[in-house]
Amino acid sequence: MAVVLSVTCLIANICPKAAGVSGSFSIINDNYTGTKECGKKGYYIGPDDFITAAFLARVYWQNWKIAVTENVLTSRKFKFRYDLLFASLGREYSFNKINICSELGILIKGRLGGEAIQNWLHRLKPMPELFISYRKGGITAFLAGTVEYQKQLNFRRPAIFYSALEMRLPLDFVPARISPHLGYQTELIKNRFQIESFVGWRFLLNEVPEYSELIKAGPIVALSTKSRVYRKFYFEFGFSFFPANNLENDPSYKTKSHDWVPQIWIVFSWNTPWRSLRCLIDY
């Protein structure tokens with residue numbers, strides 16, 4: 001999960017297609033403000049465990065979407081790490097107010113630079129570095145699909161309510177899942193500033209070695225803001241929470257319970273009006 005929260009949103013009405021090519025790049029972390037001293041005092045957000053960081057690139061053109069995501073995954077408790085690289089091609093179809101998105105991709109597990117990225121960020125803080133063994137890698141395929149309904153609300157400001165059912169079926173490495181969810185998005189400043197809230201539930205359909213030790217079924221919540229900075233350039237900031245298992249922080253830090261994992265989003269995008277956080281949490 002960073003789970004892998006999937007709201008595959010190639011949807012014409014809910015995420016209107018801007019003319020020409022559009023795209024985004026996202027950086028996700030569980031604690032942007034953490035330091036060594038902050039951790040010793042207990043003033044930090046995430047455990048720096050499980051999905052410690054993620055990087056997402058998205059390109060949209062007409063009804064097509066190309067998505068590439070890397071997750072940096074660690075387990076302090078079970079002493080392993082590996083990285084997950086998702087790459088997929090999606091296509092959307094619209095039938096009146098019902099929108100269907102299908103997606104086909106590959107998932108690569110292995111040593112993909114996550115340890116170097118994590119420890120470089122830790123040296124900048126400074127925070128304790130983490131050196132644990134990589135697990136065996138491999139490659140598999142996955143299928144994903146979303147059926148979504150949206151309704152435009154007639155308030156003083158433009159607003160959209162949406163409901164959807166999402167399914168993701170990897171053949172290995174991460175559990176298959178199905179997720180119903182609801183969301184609300186509105187524009188607070190015309191053509192300048194939007195806010196969006198999201199709530200859903202993740203049902204896990206199977207278990208896989210290693211990954212299933214760190215995750216459990218349960219609710220997902222998210223909130224995001226989106227600002228148009230200049231012409232077609234947008235900046236987005238948001239966060240989400242999802243349930244997890246068996247997470248531990250660095251032993252030099254104050255012990256905390258980590259039943260929930262925060263994910264803090266920073267997104268830079270081009271030509272993406274109304275394509276907000278729910279269109280990115282799809283890995």
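Definitions and limits used
In this convention, every chain numbers its residues from 1, walking through the sequence in written order. Owing to the predicted nature of the model, reporting of local features is limited to residues with pLDDT of at least 70; listing and counting of side-chain atom pairs is limited to 80 or more, with chain, interface and lining totals taken over all residues. Side-chain figures throughout are based on the complete set of non-hydrogen atoms in the structure, without hydrogens or water. Think of a salt bridge as a Lys or Arg side-chain nitrogen and an Asp or Glu carboxyl oxygen that are within 4 Å of each other. Helix and strand definitions here come from DSSP, where helices need a minimum of 4 consecutive H or I residues and strands a minimum of 2 consecutive E residues; each element is numbered from the N-terminal end. Each residue is placed in one exposure class: buried if its accessible area under a 1.4 Å probe, protein chains only, is under 20% of its type's maximum, exposed if it is over 50%, and partly exposed if it falls in between. Two strands pair under a simple rule: DSSP has to find at least two bridges between them. Note that patches include only residues with greater than 30% relative accessible area and no salt bridge, and the join distances are 9 Å for like charges and 5 Å for nonpolar side chains (Val, Leu, Ile, Met, Phe, Trp, Tyr). All accessible areas in this document rest on Shrake-Rupley with a 1.4 Å probe, and a residue is counted as covered only by the protein chains that are shown. Lines fitted to C-alpha atoms define the axes, with helix axes restricted to the stretch in contact, and inter-axis angles between N-to-C directions lie between 0 and 180 degrees. Whether two residues are in contact is decided by their heavy atoms, any of which lying within 4.5 Å being enough. Per-residue confidence from the predictor is given as pLDDT, running between 0 and 100.

The next thing to look at is the pattern of salt bridges. Under the criterion given, the structure shown has nine salt bridges. Here lysine 109 makes a salt bridge to glutamate 210, at a shortest N to O gap of 2.7 Å. Pair noted here: lysine 109 is in strand 5 (residues 98-110) and glutamate 210 is in the loop between strand 9 (193-204) and strand 10 (218-230), with a separation of 101 residues, a long-range link. Residues lysine 109 and glutamate 210 agree in their burial class; the two are buried. Across the salt bridge formed by glutamate 129 and arginine 123, the nearest N and O atoms sit 3.2 Å from each other. What makes glutamate 129 partly exposed here is its relative accessible area of 33%.

The next subject is the pairing of strand 5. Note that strand 4 (residues 80-95) and strand 5 share 13 bridges and pair antiparallel. From the neighbouring strand, phenylalanine 95 faces strand 5, where its bridge partner is isoleucine 98. Two successive antiparallel strands, strand 4 and strand 5, enclose a turn made up of two residues, where asparagine 96 displays a positive phi of approximately 60°. Of the strand pairs in this sheet, strand 5 and strand 6 (residues 138-154) are connected by twelve bridges, and their pairing is antiparallel. When the bridges of strand 6 are listed, isoleucine 106 appears paired with alanine 141.

Okay, a nonpolar patch on the surface next. Taken together, Val21, Val59, Trp61, Trp64, Ile66, Val68 and Leu89 make up a surface patch of nonpolar side chains, about 620 Å² in accessible area. Sort the elements by how many residues they give to the nonpolar patch and strand 3 (residues 64-75) lands first, with three residues. The topology assignment puts valine 21 in the segment before strand 1 (22-29).

Attention now moves to the sheet that holds strand 9. Strand order in the closed barrel formed by twelve strands is 1-2-3-4-5-6-7-8-9-10-11-12, with antiparallel pairing between adjacent strands. When the angles between neighbouring strand axes are averaged without regard to direction, this sheet yields 20°. In the packing of helix 2 (residues 114-124) onto the sheet, contacts are made with strand 1, strand 2 (50-61), strand 3 and strand 4, and the angle to strand 4 comes to roughly 105°.

With that out of the way, let us pick up the confidence of the model for the chain. Chain-level statistics for the chain give a pLDDT mean of 88 and a share of 94% at 70 or above. Every residue in residues 1-16 scores below 50 in pLDDT, and together they form 88 contacts with partners more than four places removed in sequence or on other chains.

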